[in-house]
Amino acid sequence: MTLAERYNLEAARLLPHMAAELQVDPAITRATEIDEIVFRRGEFLGGMACAILAMIEQKN
């Protein structure tokens, strides 16, 4: 499972009402790329993406 796939699952689980705005291409493998893509959609969303990625990292 790629990082983006794990990220998309966590985003949908934690923030189901915002899942569509937080979703990224499941083929992405780098956290910085996920953060950049989502941050371009909005600063708030970028902050949420960063927090989700940090939670994923803690689980590893």
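Look up: the structure comes first, before these words.
Residues numbered from 1 in each chain as written. Predicted model: local features only at pLDDT ≥ 70, side-chain atom pairs only at ≥ 80, totals over all residues. Heavy atoms only, no water.

A. How the structure looks around the overall build of the protein. Scanning the protein for helices and strands turns up four helices and zero strands. The secondary structure elements of the protein, listed N-terminal to C-terminal, are α-α-α-α. For 60 residues, the compact-globule formula gives about 10 Å, and the C-alpha radius of gyration of the protein, at 10 Å, lands near that figure. In terms of overall dimensions, the protein has a C-alpha envelope of 25 × 20 × 20 Å along the principal axes. Taken across its 60 residues, the protein has 33% of its residues classed as buried. Considering only intrachain contacts with a sequence separation of at least 6, the fraction spanning at least 24 residues in the protein is 48%. Counting every atom, the protein has about 3800 Å² of accessible surface; 59% of that belongs to carbon and sulfur. When the 6 basic and 9 acidic side-chain charges of the protein are each reduced to a single mean position, those positions are 3 Å apart. (Helix = DSSP H or I, 4+ residues; strand = E, 2+ residues; numbered from the N terminus. Rg over C-alpha atoms; globule rule 2.2 N^0.38 Å. Buried < 20%, exposed > 50% of the residue type's maximum accessible area, 1.4 Å probe, protein only. Contact = heavy atoms within 4.5 Å. Areas by Shrake-Rupley, 256 points an atom, 1.4 Å probe, with all protein chains shown as cover. Lys, Arg positive; Asp, Glu negative; His and termini not counted. Charge placed at Lys NZ, Arg CZ, Asp CG, Glu CD.)

B. Quick look at the environment of I52. The topology assignment puts I52 in helix 4 (residues 43–59). Overall, the relative accessible area of 2% leaves I52 in the buried class. Between the alpha carbons of I52 and P16 there is a distance of 13 Å; along the sequence they are 36 residues apart. Contacts of I52, omitting those with residues within four sequence positions, involve Y7, E10, A11, L14, L15 and L22.

C. Quick peek at helix 4. Between its first and last C-alpha, helix 4 extends 25 Å over 17 residues, near the 24 Å set by a 1.5 Å rise per residue. Residues of helix 4 that are buried include every one of L45, G46, A49, I52, L53 and I56, and no others. Relative to the axis of helix 4, the buried residues are bounded by an arc of 125° and lie together on one face. Facing away from the buried side of helix 4, by more than 90 degrees, are the exposed residues E43, F44 and Q58. (Expected span 1.5 Å × (residues − 1). Arc of directions from axis to C-beta.)

D. Summary view of the nonpolar core. If you look at the biggest cluster of nonpolar residues, it comprises 16 residues, and the most contacted ones within it are Y7, L22, V24, I34, V38 and I52. Going through the elements one at a time, helix 1 (3–14), helix 3 (31–41) and helix 4 are the ones with two or more residues in this core. Considering each element in turn, this core owes the most residues, five residues, to helix 4. Here L22 is in contact with Y7, N8, A11, L15, V38, R41, L45, M48, A49 and I52, once residues within four sequence places are set aside. (Core = buried A, V, L, I, M, F, W, Y, C linked by side-chain atoms within 4.5 Å.)

E. Structural view of the environment of E21. Relative to the elements of secondary structure, E21 occurs in helix 2 (residues 19–22). With a relative accessible area of 39%, E21 lands in the partly exposed category. Taking C-alpha positions, E21 is 9.4 Å from G42, a pair spaced 21 residues apart along the chain. Beyond its immediate chain neighbours, meaning those up to four positions away, E21 contacts R41 and L45.

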